[in-house]
Amino acid sequence: MHLVVNGLGHEIRADGLTSLLRVLREELFILSPKAGCEQGGCGACTVLIDGQPRRSCLTPLAALEGAEVTTVEGLSDGVDLAPIQQAFYDTYASQCGFCSPGMMMAATALLAHTPDASRDQISEALEGHICRCTGYVKILDAVESVAKAGAA
Amino acid sequence: MKAVGARLPRYDGIAHVTGRTKYVADQSAQGMLACKGLRSPHHSARIVSIDTSKAEAHPGVFAVATYKDMPKNTVGHLEALGVPADEPYLAEHEVRFKGQLIGGVAAIDEATALEALDLIDVKYEVREPFLDIRKAFDPGQPQMTEKGNVFFYDPYDHRKVTKGDVDAAFEKADVIVKGSYRPSAIEQAPIEPQGCLVVPESDGRLTVYTCTQAMYFTMGVLAEHLQRTPGSIKLVGGTVGGGFGGKVDSATEPLAAILALKARRPVRWIFTREEEMLCGSVRASWHVEMADALTKDGWILGRKVLTLHDAGAYTRFSSYGATKHSFHLAGAYTVPALRTRAYVVWSNHVPTTAMRGFGVTSASFAIELQMTRNADVLGIDPWEFRLKNANRPGDLMPTRKVLEDPSTIDTIRACAEAVGHPLSATYRDMKNDERSGEWLPPHLVDQAAHAKLGDPQEAAR
């Protein structure tokens, strides 16, 4: 099985029913997608599959033939941050940090097709992403700051 | 003082937003095994026998552990405060809650470990569980221990706080208002499930990667269970994916450690979400009965409280939680005569532990509902009723602490302004001053005089 992750091609050994989350974390050691519940309930494992936000814990490898996967590791080189990363950093949207990768991927997908997203649209896009630390306000502020820059 | 009020960058912020923060589940070690825990399917049962032989023989299994493998199985969280240890880390001859840990397996992968758990044969004699703490004092209920269902710690069976002449306050009252309040159990539900990775090093020491909220506490508990010196254990942690009180109980480290020592391989154990929700300890549920003695014009003369704290199956921190609860039962208000009785009740629920405001939120929940009920009965604005009875500088708390800088008045006025609740002029302009004039009614003169006395000997009695 051939899988492209963050622009790099990999030959995956895991069988087709293995979740993308397990493949990323255990075979490729791409650790930003988090196993919060492995039931599709928390959003911490969210990655982009062909640009769409998807729960990697519920996505079997077999469903990914020819797909391109993007994780937080693919947003930037880690030195010059992507705008969404910089915004999360600047606005203290990341507290314990565990939900942040999934939140940032969902926000990235939203801003790719709606660069000037409204606060309501941001709330809707982040529905199903659970954060127990921040109370969400800082997270909405972070995404909104990028959207406002996109609208300008 | 460069940091106060400044917006400083988070030291861990870049790692968080680049996905490079290493949580415990992101740690690994060469030759690492997966751990799974065997848990009770019953609320309450006697364990007749545990047979692990088939699991031990299962291909891919490196170690199986039960209570027999734990050098010291029963370690109390509050032994240093004199609260006796009562909880076996791995169940021995009985299980007292559904999900109680009985043993565990370390295997080549999670699937193999789960297969091996199915091969452990535990024979139970199921007992009727005790689940409703309101029946703690009723005859004929299932008994949690030989001593019954209520405990505090020797020599006391409950925590009491007494201030002033409560009976006189209730005789003088124009109105007595009663209420029962039952805040339910709450799972802390951090998004990161708890876990650890224990690596037995070649020099005999243990390296323990952990998500614990309490590094030194966990080190002490683990060292005690393993009967090792703390110096032979190196904890690596401080990166916690949310805890909120749910990661202080050292739930995973002792089992992973004992399996790692038996297997002589690194062992990682991360809770599943089901384990986190069903077996991890929770904020307790409470039953609070409150009666307030009031005057028609809105003064609180006295209060009586009976609290039952559902500790769950074992003590853990419950005696401490009930004590904090008891110390806060006047709330942010001055109650000149108070009598509280808080009982800690064992039940066949999951053991309870810390969560933000441990013990105090249940008191606040009851107090604030009661305050609104009081105001409704008296036909007084609930904001003004609170302001009238608010703590003031010089007031004496039930714990004999004289208040120096209470903030009740300022807080309530700010809240009223924030939500646009109109206050009458008397309350809108209320100052956070020592009692005088109309704010020093006869029933508060005594406590004001007493507060100024500040006699520590009196406080001790």
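Along every chain, residues carry numbers that run from 1 in the direction the sequence is written. Key to labels: chains lettered from A, ligands numbered from 1, both in the order written. Two thresholds apply to this predicted model, a pLDDT of at least 70 for residue-level local features and 80 or more for giving and counting side-chain atom pairs, whereas whole-chain, interface and lining totals are computed over all residues.

Engineer: Please give an account of the sheet that holds strand β10 (residues 195-200) of chain B that cites residues and values.
Structural biologist: Strand pairing within a sheet occurs via backbone hydrogen bonds; the two strands may be parallel or antiparallel. Residues and elements named next belong to chain B. Spatial ordering of the open sheet is given by β3-β5-β1-β13-β10-β11-β12, a layout of seven strands whose pairing is mixed. Since the sheet does not close on itself, it has two edges, and those belong to β3 (61-65) and β12 (233-236), each with one partner. Here the average twist between neighbouring strands, direction ignored, is 20°. Bridge count for β10 against strand β11 (residues 206-210) is five bridges, and the pairing is antiparallel. Directly across from L197, in β11, lies its bridge partner Y209. Two residues qualify as a contact pair if the distance between their C-beta atoms, derived from the backbone, is within 7 Å. Here an angle of 0 to 180 degrees is reported between the N-to-C directions of two axes, which are lines fitted to C-alpha atoms, with helices fitted over the stretch in contact. In DSSP terms, a helix is any run of H or I states spanning at least four residues, a strand is any run of E spanning at least two, and both are numbered starting from the N terminus. Together, β1 (33-39), β3 and β5 (101-107) form the strand contacts of helix α3 (residues 110-119), whose direction differs from that of β1 by roughly 30°. Sheet strands in contact with helix α5 (residues 215-226) are β11 and β12, and its direction is about 145° off that of β12. Strand pairing requires that DSSP identify at least two bridges connecting the strands.

Engineer: Residues and numbers for the interface of chain B and chain A, please.
Structural biologist: Contacts between chain B and chain A engage 22 residues on the former and 28 residues on the latter. Among the elements that take part in the side of chain B that touches chain A, helix α1 (residues 13-18) of chain B stands out by supplying five residues, more than any other. Amino acid classes used here: Ala, Val, Leu, Ile, Met, Phe, Trp, Tyr, Cys and Pro are nonpolar; Asp, Glu, Lys and Arg are charged; the rest, including Gly, are polar. Of the residues in the side of chain B that touches chain A, the class split is nine nonpolar, seven polar and six charged.

Engineer: Lay out α5(B) with the relevant residues and their values.
Structural biologist: Residues and elements named next belong to chain B. Over its twelve residues, α5 extends 16 Å from the first C-alpha to the last, a length consistent with the 16 Å expected when each residue adds 1.5 Å. Listed in full, the buried residues belonging to α5 are T218, M219, V221, L222 and H225. Where α5 is buried, its residues touch β11, β12 and α6 (253-263). Q227, located one to two residues past α5, shows a positive phi value of around 55°. How far a helix is expected to stretch is found by multiplying one less than its residue total by 1.5 Å. Buried residues are those with 20 or more other C-beta atoms within 10 Å of their own C-beta, exposed residues have 12 or fewer, and partly exposed residues lie in between; C-beta atoms are placed from the backbone.

Engineer: An account of the sheet that holds strand β2 (residues 8-11) of chain A is needed here, citing residue identities and associated values.
Structural biologist: Residues and elements named next belong to chain A. If you trace the five strands from one edge of the open sheet to the other, you get β2-β1-β5-β3-β4, paired in mixed fashion. Two strands lie at the open edges of the sheet, namely β2 and β4 (52-55), each paired on one side alone. Strand-to-strand, the axes of this sheet are offset by a mean angle of 35°, without reference to chain direction. Pairing of strand β3 (residues 46-49) with β4 involves four bridges; the strand directions are antiparallel. Its bridge partner being in β4, L48 is matched across the sheet by P53. Running over the sheet, helix α3 (residues 100-113) touches β3 and β4 and is turned about 35° from β3.

Engineer: Lay out the packing of helix α2 (residues 83-90) of chain A against α3(A) in plain terms, naming residues and giving numbers.
Structural biologist: Residues and elements named next belong to chain A. Look at α2 against α3: their axes get within 10 Å of each other, and the N-to-C directions meet at 130°. One element, α2, and the other, α3, form an angle in the oblique class. In this structure, α2 crosses over α3, and the sense of that crossing is right-handed. Of the residues in α3, those touching α2 at I84, Q85 and F88 are S100, M104, A107, T108 and L111. Partitioning the contact of α2 with α3 into residue classes produces five nonpolar, three polar and no charged. Put simply, angles under 35 degrees are roughly parallel, angles over 145 are roughly antiparallel, angles from 65 to 115 are roughly perpendicular, and the rest are oblique. With the far helix as reference, a near helix turned anticlockwise by less than a right angle produces a left-handed crossing, and one turned clockwise produces a right-handed crossing.

Engineer: Give a description of the domain arrangement of chain B that names residues and reports values.
Structural biologist: Residues and elements named next belong to chain B. Start and end positions for the domains come from either an automated domain assignment or a database one. Segmenting chain B into domains produces domain 1 (27-127 + 188-278) and domain 2 (150-186 + 282-460). Summarising the inter-unit geometry, the C-alpha centres of domain 1 and domain 2 are found 40 Å apart. Taken together, the contacts link 19 residues of domain 1 with 19 residues of domain 2. Residue classes in the side of domain 1 that touches domain 2 are distributed as six nonpolar, nine polar and four charged.

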